[in-house]
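What the coordinates show
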Amino acid sequence: MPKMRRKGDLPQKICAQCGRPFTWRKKWERVWDEVRYCSDACRRAAHRGEPPQPPRASG
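Now for a look at the structure at hand. (Residues numbered from 1 in each chain as written. Predicted model: local features only at pLDDT ≥ 70, side-chain atom pairs only at ≥ 80, totals over all residues. Heavy atoms only, no water.)

What follows concerns the environment of Cys38. Along the chain, Cys38 turns up in the loop between strand S2 (21-23) and helix H1 (40-47). Exposure remark for Cys38: the relative accessible area of 16% places this residue in the buried category. Considering only alpha carbons, one finds Cys38 and Arg20, 18 residues apart in sequence, at a separation of 7.8 Å. Among residues more than four places away in sequence, those in contact with Cys38 are Cys15, Cys18, Phe22, Arg25 and Trp28. (Helix = DSSP H or I, 4+ residues; strand = E, 2+ residues; numbered from the N terminus. Buried < 20%, exposed > 50% of the residue type's maximum accessible area, 1.4 Å probe, protein only. Contact = heavy atoms within 4.5 Å.)

Dropping the structure here:
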């Protein structure tokens with residue numbers, strides 16, 4: 001059985017649309033190099049030609 005990994009140890013990327021960081025998911029295992037967006041909503045917005053959103057301030 002494979003050794004468990006902590007969520008903090010997983011690779012991360014920055015979403016090309018919203019600028020937020022997102023973490024590797026099991027369903028992206030085979031296509032991780034091609035993943036650019038954190039969600040379907042960001043992917044659709046990018047394909048509609050909406051300008052990238054600045055990162056939201058956390059607060």
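Moving on, there is more to tell.
Moving on: the packing of aromatic side chains. Tallied over the entire structure, the rule returns three aromatic pairs. An angle of 80 degrees between the planes, with centres 5.6 Å apart, marks the rings of Phe22 and Trp28 as edge-to-face. Taking the centre distance of 6.0 Å and the plane angle of 70 degrees together, the rings of Phe22 and Trp32 count as edge-to-face. Placement of Phe22 in strand S2 and of Trp32 in the loop between S2 and H1 is noted, with a sequence separation of ten residues between them. Pair check on accessibility: Phe22 and Trp32 agree, each one buried. (Phe/Tyr/Trp six-rings, centres within 6.5 Å; stacked < 30°, edge-to-face > 60°.)

The values reported here are purely geometric and, on their own, carry no functional implication.
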